[in-house]
Amino acid sequence: MKTKQIKNIFIKQLNEIPISIIDKSQGVDQLVKIIKTKNNTYVFKSPKNDFQMIFNEEFAIKKCTIRKIPSPKVLVKSKKYIIESLIEGKELSKLKLSKSNKLKIYFQIGKLMRKIHSIKTKGYGNFTYKGRGKFSSLKQYKKYLENNIKKNIDSISKKNLFSKFELEKINNYSKNINLINCLNPVLNHADIAEDHIFIQNDKISGIIDFADLESDDPMMDFTRLYVKIYGTELFQALKKGYGKINLKKIQFFTFYFMTWKLAHNKKINRYTERIIKCMKHLINKKRLR
C-alpha cells in the first residue's frame, strides 16, 4: 500500500492528517507503519496476502480487553487493513534491565499468558474466519503435525546442520507425537517473544501482534520463550508466574517449532545457532546454558 493511500485512509477514517510515517515491517507477511499525526500516534497494519491476520488481531484484542490483558485498541478495521492504538514503552528485547527487574517481568509474562489461556476455543491449529481452529478434531491435527515434522526433518537432513547420529536422535524424538493430547484447546498468541512484549516503568504495558493466533494446547505458547530462556532463572520466574506447566509438552511443541524454523530458514544467524543448540539439548538430554 502506497503512502498516499495510507494518508487518505487516515483523513477519511479518523479525520487526522499524517505528518510522519515510519516503516516498522519486520516480517514478510504484512506492512506495519507507525503513523504520527498532530494529536496522536497510531499503528497501521496491512497484510500482503493473508487477510486472516486482521480477523485474528481484532478477535484476540476483544477477548484480551474483556480480561484486562494489556493490548492495543482496534480503532479502525477493514478487509485490507487495521489501525490500532500505539502501546507505550519499549520492546523487552531492546531493554537492558537489572537481573531482579527482568525476573519480575518474566513473572508478569507468566501471569498474562495464564490469562490468555483462560480463553476457551474450538478446533485445533491456525485460526479461521469462523473464530476456531482449522482442524475439527485432535486426530486430524496430530496427523498434520506429524506430516510436517517428517517434511521438516527431511529438509534439515540436507543442510548439514547435524551429524548422522544427531539426525537419528531427532527422528526418534519426533515419535513423541502422542504428547499432543489436549482435549480442551484455548487461545494461543502463537508468537510470544520479547519483541512482542512492551515495557514501561518496569511493568508490561502491552502484548502485541496476535496475527498468528491459534487454538491449541496452552503449552504451545511457550515455544519461542523456551528457545531463549530455558535452563535459566528467567524460565523459573515464567513458570512461577504461570503456575502448573507440562515441560514435556513444551519441549515437544518447541521441537516442532525448531524443525519448522530450521527447515525454512535460508541463512544461519545468531537465532538459528541458538535453535540448533536448543535442539541438541533436547535430543541429548543435556542442560541448556
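Relevant structure appears above.
Residues numbered from 1 in each chain as written. Predicted model: local features only at pLDDT ≥ 70, side-chain atom pairs only at ≥ 80, totals over all residues. Heavy atoms only, no water.

## Considerations on helix α1 (residues 3-14)
Then, number 1: With 12 residues, α1 should reach 16 Å at 1.5 Å per residue; the first-to-last C-alpha distance of 16 Å fits that figure.
Then, number 2: Taken together, the buried positions of α1 are Ile-6, Ile-9 and Phe-10. One side of α1 carries all its buried residues, which in axial view fall inside an arc of 95°. In α1, the exposed positions that point more than 90 degrees away from the buried face belong to Lys-4 and Lys-12.
Then, number 3: Turning to α1, the residues buried within the fold contact β1 (20-23), β2 (30-36), β3 (41-47) and β5 (82-85).
Then, number 4: The first or second residue beyond α1 is Asn-15, which carries a positive phi of 55°. (Helix = DSSP H or I, 4+ residues; strand = E, 2+ residues; numbered from the N terminus. Expected span 1.5 Å × (residues − 1). Buried < 20%, exposed > 50% of the residue type's maximum accessible area, 1.4 Å probe, protein only. Arc of directions from axis to C-beta. Contact = heavy atoms within 4.5 Å.)

## Considerations on the side chain of Lys-142
Then, number 1: Following the sequence through the fold, Lys-142 ends up in helix α4 (residues 138-156).
Then, number 2: In this structure, Lys-142 is buried with no salt-bridge partner, the nearest side chain bearing the opposite charge being Glu-146 at 7.7 Å.
Then, number 3: Lys-142 has contacts with Ile-177, Asn-178 and Ile-180, leaving out every residue within four places of it along the chain. (Lys, Arg positive; Asp, Glu negative; His and termini not counted. Salt bridge = Lys/Arg side-chain N within 4 Å of Asp/Glu carboxyl O.)

## Some points on the pattern of salt bridges
Then, number 1: According to the stated counting rule, one finds 11 salt bridges in the structure shown.
Then, number 2: Lys-62 is the partner of Glu-58 in a salt bridge, and the nearest nitrogen-oxygen pair spans 3.9 Å. Within this pair, Glu-58 and its partner Lys-62 are both found in helix α2 (residues 52-66), separated by four residues, close to a single helical turn.
Then, number 3: Judged by relative accessible area, Lys-62 falls into the exposed class, the value being 52%.
Then, number 4: Three or more residues joined by partner-sharing salt bridges are found here, namely Lys-45, Glu-57 and Glu-84.

## Considering the environment of Lys-285
Then, number 1: Mapped onto the elements, Lys-285 comes out in the segment after α9 (270-284).
Then, number 2: Given a relative accessible area of 68%, Lys-285 falls into the exposed group.

## A short note on the packing of α4 against helix α8 (residues 247-264)
Then, number 1: Remark: α4 packs on α8, axes separated minimally by 8 Å, with the N-to-C direction vectors making an angle of 45°. As judged from the angle between their axes, α4 and α8 are oblique. The hand of the α4/α8 crossing is left-handed. Facing α4, whose interface residues are Tyr-141, Tyr-144, Leu-145, Asn-148, Ile-149, Asn-152, Ile-153, Ser-155 and Ile-156, α8 presents Phe-252, Phe-253, Phe-255, Tyr-256, Thr-259, Trp-260, Leu-262, Ala-263 and His-264.
Then, number 2: Within the contact of α4 with α8, the residues separate by chemical class into 13 nonpolar, five polar and no charged. (Axes fitted to C-alpha atoms, helices over the stretch in contact; angles between N-to-C directions. Parallel < 35°, antiparallel > 145°, perpendicular 65-115°, else oblique. Left-handed = near helix turned anticlockwise from the far one by under 90°. Nonpolar A, V, L, I, M, F, W, Y, C, P; charged D, E, K, R; others polar.)

## Observations regarding the environment of Ser-215
Then, number 1: Take Ser-215: it is sitting in strand β12 (residues 214-216).
Then, number 2: A relative accessible area of 0% means that Ser-215 is categorised as buried.
Then, number 3: C-alpha separation for the pair Ser-215 and His-196, spaced 19 residues apart in sequence, amounts to 19 Å.
Then, number 4: Dropping the residues within four chain positions of it, Ser-215 is found in contact with Thr-121, Lys-122, Gly-123, Tyr-124, Gly-125, Phe-127, Gly-133, Pro-185 and Val-186.
Then, number 5: A distance of 3.3 Å separates a polar atom in the side chain of Ser-215 from the backbone oxygen of Lys-122. (Polar contact = N/O pair within 3.5 Å; in protein donor to acceptor, adjacent residues only side chain to side chain.)

## Structural notes on the packing of aromatic side chains
Geometry of an aromatic ring pair is reported as the spacing of the ring centres plus the angle between the planes.
Then, number 1: Scanning all chains against the criterion turns up 17 aromatic pairs.
Then, number 2: An angle of 65° between the planes, with centres 5.0 Å apart, marks the rings of Phe-59 and Phe-127 as edge-to-face. Linking Phe-59 in helix α2 with Phe-127 in strand β7 (residues 124-127), this pair joins segments that are 68 residues apart in sequence.
Then, number 3: By relative accessible area, which is 5% here, Phe-127 ends up buried.
Then, number 4: Ring centres of Tyr-173 and Phe-255 lie 4.8 Å apart, and the angle between their planes is 50°; on these two criteria the pair is classed as tilted. (Phe/Tyr/Trp six-rings, centres within 6.5 Å; stacked < 30°, edge-to-face > 60°.)

## Details of unusual backbone geometry
Then, number 1: A positive phi angle, close to 55°, is found at Asn-201, a residue other than glycine.
Then, number 2: Within the secondary structure, Asn-201 is located in the loop between β10 (197-200) and β11 (203-207).
Then, number 3: Phi is positive for Asp-209, which is not a glycine, with a value near 65°.
Then, number 4: Assignment of secondary structure puts Asp-209 in the loop between β11 and β12.

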